[in-house]
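# Structural characterization, general
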Amino acid sequence: MSDDMNTIKTTRRANVHLRKPTVEDGSDVWELISACKPLDENSMYFNLIQCDHFADTCILAEREGQIVGWISGHIPPEKPDALFVWQVAVSPEARGLGLAGRMLRALFDRPELADVTRIETTITRDNKPSWALFRAFAKKRGGTLTHAPHFERGAHFDGNHATEYLVNIDFSAAAQSRAQAAPATRQDQDAAPQQHAA
């Protein structure tokens, strides 16, 4: 790739702003999802509710006033340690910038999700971009990824939709390792000889 192309990509990344959605974003989110085939479309009202009631567990990417990326999620009531990621959408003109991974990292690192140690999502077997996104995130953050059939073609979709595999990424072991390493690092710093100016 030429230096000019790298510069263009860097500039396009820098121009993208990540933030929580507001209720005013609902219709734009709906339009983005409609443009990202083959994502399942919901009613505009549904996306308004997501932006209004679930802003802490959703994130959008904005560039020059246009919404170019979206991740929706929620914390299931019976699983307070898990973030369930519902949809990941990136506008065609914003692809190739690593935006999906950037949004996922920013969402997972929010203070409101400090108690979350797992990510769950469902993915069809043929959705290679989604598998690549979540496998890369698990590897980078030291998570353990497992998956199993969840919503099945015959039992749940009446044969009209491919089986969705429930993906679980557990970060609890990585978090525990970091917590154990932190005191040791502080002790090493405390034990280091102090240097004083003559």
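Structure report, in brief. (Residues numbered from 1 in each chain as written. Predicted model: local features only at pLDDT ≥ 70, side-chain atom pairs only at ≥ 80, totals over all residues. Heavy atoms only, no water.)

### Section: the packing of aromatic side chains
Taken as a whole and assessed by the stated rule, the structure comprises 4 aromatic pairs. Between F108 and F171, the aromatic rings sit 4.9 Å apart at their centres with planes inclined by 45°, giving tilted as the arrangement. Here F108, found in helix 4 (residues 99–108), pairs with F171, found in the loop between strand 7 (164–170) and helix 6 (172–191); they are 63 residues apart in sequence, far enough to count as distant. Given the relative accessible area of 12%, F108 is considered buried. An angle of 80° between the planes, with centres 5.7 Å apart, marks the rings of F137 and F171 as edge-to-face. Pair noted here: F137 is in helix 5 (residues 128–141) and F171 is in the loop between strand 7 and helix 6, with a separation of 34 residues, a long-range link. In this structure F171 comes out as buried when scored by relative accessible area, which is 4%. A connected cluster of aromatic rings, assembled from ring pairs, spans F108, F137 and F171. (Phe/Tyr/Trp six-rings, centres within 6.5 Å; stacked < 30°, edge-to-face > 60°. Helix = DSSP H or I, 4+ residues; strand = E, 2+ residues; numbered from the N terminus. Buried < 20%, exposed > 50% of the residue type's maximum accessible area, 1.4 Å probe, protein only.)

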